[in-house]
Structure formats: structure tokens, C-alpha cells
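Overview (structure and organization)
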Amino acid sequence: MPKVGMEPVRRKALVDAALRVIGDQGTLAVTMSDIARTAGVSPALAHHYFGSKEQLLIATIRSLLRKLRDDAVSAMKAASTPRAKVSALISVSFRADQFAPETVAAWLAFYSEAQRSEEVRRLLVIYARRLRSNLLAGLRALCPADDAERIAEGAAAMIDGLYIRQSLKSAPISIEASVALTEDYVNAHLRASDGKGSPPRVYSED
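Quick notes on the rules
Residues numbered from 1 in each chain as written. Predicted model: local features only at pLDDT ≥ 70, side-chain atom pairs only at ≥ 80, totals over all residues. Heavy atoms only, no water. Helix = DSSP H or I, 4+ residues; strand = E, 2+ residues; numbered from the N terminus. Buried < 20%, exposed > 50% of the residue type's maximum accessible area, 1.4 Å probe, protein only. Contact = heavy atoms within 4.5 Å. Areas by Shrake-Rupley, 256 points an atom, 1.4 Å probe, with all protein chains shown as cover. Expected span 1.5 Å × (residues − 1). Polar contact = N/O pair within 3.5 Å; in protein donor to acceptor, adjacent residues only side chain to side chain.

Our focus in this paragraph is the overall build of the chain. Summing up its helical and strand segments, the chain has nine helices and zero strands in all. Starting at the N terminus, the α and β elements of the chain follow one another as α-α-α-α-α-α-α-α-α. In the chain, which comprises 206 residues, the share counted as buried stands at 44%. For the chain, long-range pairs separated by at least 24 residues make up 64% of all intrachain contacts whose partners lie at least 6 apart in sequence. Summing over all exposed atoms, the chain offers an accessible surface of approximately 10,700 Å²; the carbon and sulfur share of this is 55%.

Set out below in C-alpha cells:
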């Protein structure tokens, strides 16, 4: 029988183990036994906490999304201007911990699974909408609404696309280059906008 008070600790250990196993194998076709062994618990205990492997995988992607959301909120709160908020969000999207090999592999596996799982697809849609909304929060103060929408869509597409490029071991692009390319895109389109003209190039510190 599980010890009283240990459930949050065990659940987190299983989620962390799921991320490592998925990252190591590059697929969601892992077993509950693999995950439980990595977490140092029995498969029976893993089933007790999550019911099924599918529910554990959903908890794992929720954990990734929660971490990304919390980092974005903290970074945007620390930014003092709308333009700095946009830069802060771009910087957070390319933080080094997001590019850990197991995290990159897990994200790619989840995107693949979204073609089959409605729940995974829904969670990834929530992520996409949140990224767009956060970008718009800063851009709407810098240019007309229509331009802000267009720039937010393009910047979000660049963030996702450049992240996926990290999986191409033969042609990786550095974190710094990814940030610079996205910043250049935003600056170029802000300059072309009839709104705020040409804002200075601003980069947030990691």
C-alpha cells in the first residue's frame, strides 16, 4: 500500500521518468514497466497512481506545458515594456532546458501522437493558442490590431519551426541564432507596420 503523503512525490517521479524514457527511445511506444523501473517503483504502483500508460503520458505533456506556461508568465511579468514582453516570450521559448535532448524528443513524439489522440491534440492546441495570445499581449501595443495578429502568427510559426529544427542532428541551429531569427522577423514586420515605426532591437537575458 502506498505510504501516506507520498503520492505527489511518486507521481512527479513517474512523470519525470516518462519524459526520460520517451526522450531516450524517441517514441511514445514505451511500457509502463519501463517508466516504473526508471522511476524506481513497481508497475503496480504506477498503475495505482495513473490507471494507465495513456493517462501517465497525458500527465507528462501537461507537466511540460505547465513549466513552459510558468516560465512565460514570470518572464513577461519581469519585462517593463510591451516590446520587452515580446522579447521575453521569444527568449523563454528557446531556453536551454527546452532543448534538452529528452525534452525535444518528447515534444516531437507528442506532436506525432496528436494525429491519433484527441486529448493530446487538444493540449497542443491549448499551447498554440496560449503562445499566440501571449505574443499578441505585447504586439497590440506596438502596431495596429491586424498587423499584430499577422506578426503573432508568423512569430509563433517561427518559434515552433525552429524548435523542430533542433531534431535535425545534421543541421542544428543554435539557441542564440533561433532567438535572433525570430527577433529579426518581429522587428522587420513592426517596421513595415503603420503603427509604431521602427522599434529598437531588444533581447531579454536568459
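In an α-helix, one full turn covers 3.6 residues, which means residues spaced three or four apart are oriented alike. For helix α1 (residues 7-25), with 19 residues, the first-to-last C-alpha span of 27 Å sits near the 27 Å given by 1.5 Å per residue. Listing the buried residues of α1 in full gives L14, V15, A17, A18, L19, V21, I22 and G23. Among the structural elements, α2 (32-39), α3 (43-50), α4 (53-78) and α6 (101-113) are those in contact with the buried residues of α1. Two residues or fewer past α1, G26 is found with a positive phi of approximately 65°.

Below, the discussion takes up the environment of H189. Following the sequence through the fold, H189 ends up in helix α9 (residues 175-192). Here the side chain of H189 touches R150 through a polar contact of 3.0 Å, side chain to side chain.

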